[in-house]
Amino acid sequence: QVQLVESGGGLVQPGGSLRLSCAASGFTFRDYAMRWYRQAPGKERELVATIGIRGIITNYADSVKGRFTISRDNAKNTVFLQMNRLKAEDTAVYYCNAYVQRSYYWGQGTQVTVSS
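Since the structure is predicted, the reported quantities are computational estimates derived from the model, not experimental observations.

Chemist: So what exactly am I meant to see when it comes to the sheet that holds strand β3 (residues 18-25) here?
Modeler: Sheet strands line up and pair through hydrogen bonds in the backbone, either parallel or antiparallel. Strand order in the open sheet formed by four strands is β1-β3-β8-β7, and the pairing between neighbours is antiparallel. Pairing within the sheet leaves two strands with one partner each, and these edge strands are β1 (3-7) and β7 (68-73). With strand direction ignored, the average angle separating the axes of adjacent strands in the sheet is 15 degrees. Relative to strand β8 (residues 78-83), β7 runs antiparallel, the two sharing six bridges. Across the sheet, residue Ile 70 finds its bridge partner in β8, namely Leu 81.

Right under this line is the structure:
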C-alpha cells in the first residue's frame, strides 16, 4: 500500500536548477522522516538528503551541501528536493525513500541529467 512517486527530473545544463517531488501515499506521511538517494551509472546508491517529520531537522551529503535543499509539505504528503547550481557529477537517478514499520520503501526514480 505504501507508494512513493518521484517526478521533476530532466535534462539541464551545468549551473541550472531542478526541483524534484515525491508524492507519498499508503502511510501517515507526517509521522515519518523522508530521504532522497541517487544512483549514478556504475556507482552505488548514495544518500543525498534527509528530513525529519516536521521539516525542522535536515541533513545533506557533503557533495550537495549549499546547493540542494530538502523540504516537505505534510498537508500534501510530498517531499521536495530543490537542486541548484547543478554539476555534471549530479547526473543520476534520484529516488525517494521512507522507512515505515521496519520496511524500506522506494519510488521508481526520476532521471536527472546535467550536461551541455
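Chemist: Would you take a moment to explain the pattern of salt bridges for this structure?
Modeler: It is possible for side chains of opposite charge to pair when their charged atoms get near one another. Counted by the stated rule, this structure contains five salt bridges. Among the charged side chains, a salt-bridge network with shared partners connects Arg 38, Glu 46, Arg 67 and Asp 90.

The rules we used
- Residues numbered from 1 in each chain as written.
- Predicted model: local features only at pLDDT ≥ 70, side-chain atom pairs only at ≥ 80, totals over all residues.
- Heavy atoms only, no water.
- Pairing = 2+ DSSP bridges.
- Helix = DSSP H or I, 4+ residues; strand = E, 2+ residues; numbered from the N terminus.
- Axes fitted to C-alpha atoms, helices over the stretch in contact; angles between N-to-C directions.
- Salt bridge = Lys/Arg side-chain N within 4 Å of Asp/Glu carboxyl O.

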